[in-house]
Amino acid sequence: QVRLVESGGGLVQAGGSLRLSCAASGRLFSIDPIGWYRQVPGMQREFVASITAGGSTNVADSVKGRVTISRDLNVDTVYLQMNRLEPGDTAVYYCYANDRGRFPPRQYWGQGTQVTVSS
């Protein structure tokens, strides 16, 4: 019943920027935290960033200083602003959300959005 829909991916040159969005809908109670993972074919899914309802953020070392995660609680949307993109950032980016208002807490995943960075 819960859906996470990502958008904003695409092709960008190295050094450019993209902003990813993830909109949550359905039977939501208390999304905390919400964030992003990414995956390259043949590799493990990698944590990128997350944000809590209180605004605390966690950003992976691989992208720290180049990405900013934010959240609009009024519309249940999370954003990932990515700057100074590198070819190594090429991956499918997945939105995830934890609903702590349920017992036990439930985790949801989006379908992913492709980000391709060319040199």
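Before reading on, note that the structure itself is shown above.
Residues numbered from 1 in each chain as written. Predicted model: local features only at pLDDT ≥ 70, side-chain atom pairs only at ≥ 80, totals over all residues. Heavy atoms only, no water.

Secondary structure assignment for the protein chain yields zero helices and eleven strands. Traced from its N-terminal end to its C-terminal end, the protein chain shows the element sequence β-β-β-β-β-β-β-β-β-β-β. The C-alpha atoms of the protein chain give 14 Å as radius of gyration, which agrees with the globular expectation for 119 residues (14 Å, within 12%). A principal-axis box enclosing the C-alpha atoms of the protein chain has dimensions of 45 × 25 × 20 Å. When the accessible surface of the protein chain is split by element, carbon and sulfur atoms take 47% of a total near 6,600 Å². (Helix = DSSP H or I, 4+ residues; strand = E, 2+ residues; numbered from the N terminus. Rg over C-alpha atoms; globule rule 2.2 N^0.38 Å. Areas by Shrake-Rupley, 256 points an atom, 1.4 Å probe, with all protein chains shown as cover.)

It is worth spelling out the state of the cysteines at this point. Scanning the entire structure with this criterion turns up one disulfide. Covalently, Cys 22 is tied to Cys 95 through a disulfide, its sulfur atoms 2.0 Å apart. On the sign convention where negative means left-handed, the S-S torsion of about -80° between Cys 22 and Cys 95 marks this disulfide as left-handed. One end of the pair, Cys 22, is in strand 3 (residues 18–25); the other, Cys 95, is in strand 9 (residues 91–99), with 73 residues separating them in the sequence. Just as Cys 22 is buried, Cys 95 falls in that class too. (Disulfide = S-S within 2.5 Å. Buried < 20%, exposed > 50% of the residue type's maximum accessible area, 1.4 Å probe, protein only.)

What follows concerns the packing of aromatic side chains. On inspection of all chains with the given rule, the structure shows four aromatic pairs. Look at Tyr 37 and Tyr 96: their rings are 5.2 Å apart centre to centre, the planes differ by 75°, and that puts the pair in the edge-to-face class. Remark: Tyr 96 occurs in strand 9 and Tyr 37 occurs in strand 4 (residues 31–39); sequence separation between them is 59 residues. What makes Tyr 37 partly exposed here is its relative accessible area of 23%. Centre to centre, the rings of Tyr 37 and Trp 109 are 5.2 Å apart; their planes meet at 65°, and the pair counts as edge-to-face. Of this pair, Tyr 37 sits in strand 4 while Trp 109 sits in strand 10 (residues 106–109), and the two are 72 residues apart along the sequence. Against the face of Tyr 94 rests Arg 45, its NZ or CZ located 3.8 Å from the ring centre. Stacked on the ring of Trp 109, the Lys or Arg Arg 45 has its end atom at 4.9 Å from the ring centre. (Phe/Tyr/Trp six-rings, centres within 6.5 Å; stacked < 30°, edge-to-face > 60°. Lys NZ or Arg CZ within 6 Å of the ring centre and 35° of its normal.)

Time to look at the sheet that holds strand 3. Strand order in this open sheet of four strands is 1-3-8-7, and the pairing throughout is antiparallel. The open sheet is flanked by strand 1 (3–7) and strand 7 (67–72), the only strands paired with a single partner. Within the sheet, the average angular offset between the axes of one strand and its neighbour, ignoring direction, is 15°. Where strand 7 and strand 8 (residues 77–82) come together, six bridges link them in antiparallel fashion. Directly across from Val 67, in strand 8, lies its bridge partner Met 82. (Pairing = 2+ DSSP bridges. Axes fitted to C-alpha atoms, helices over the stretch in contact; angles between N-to-C directions.)

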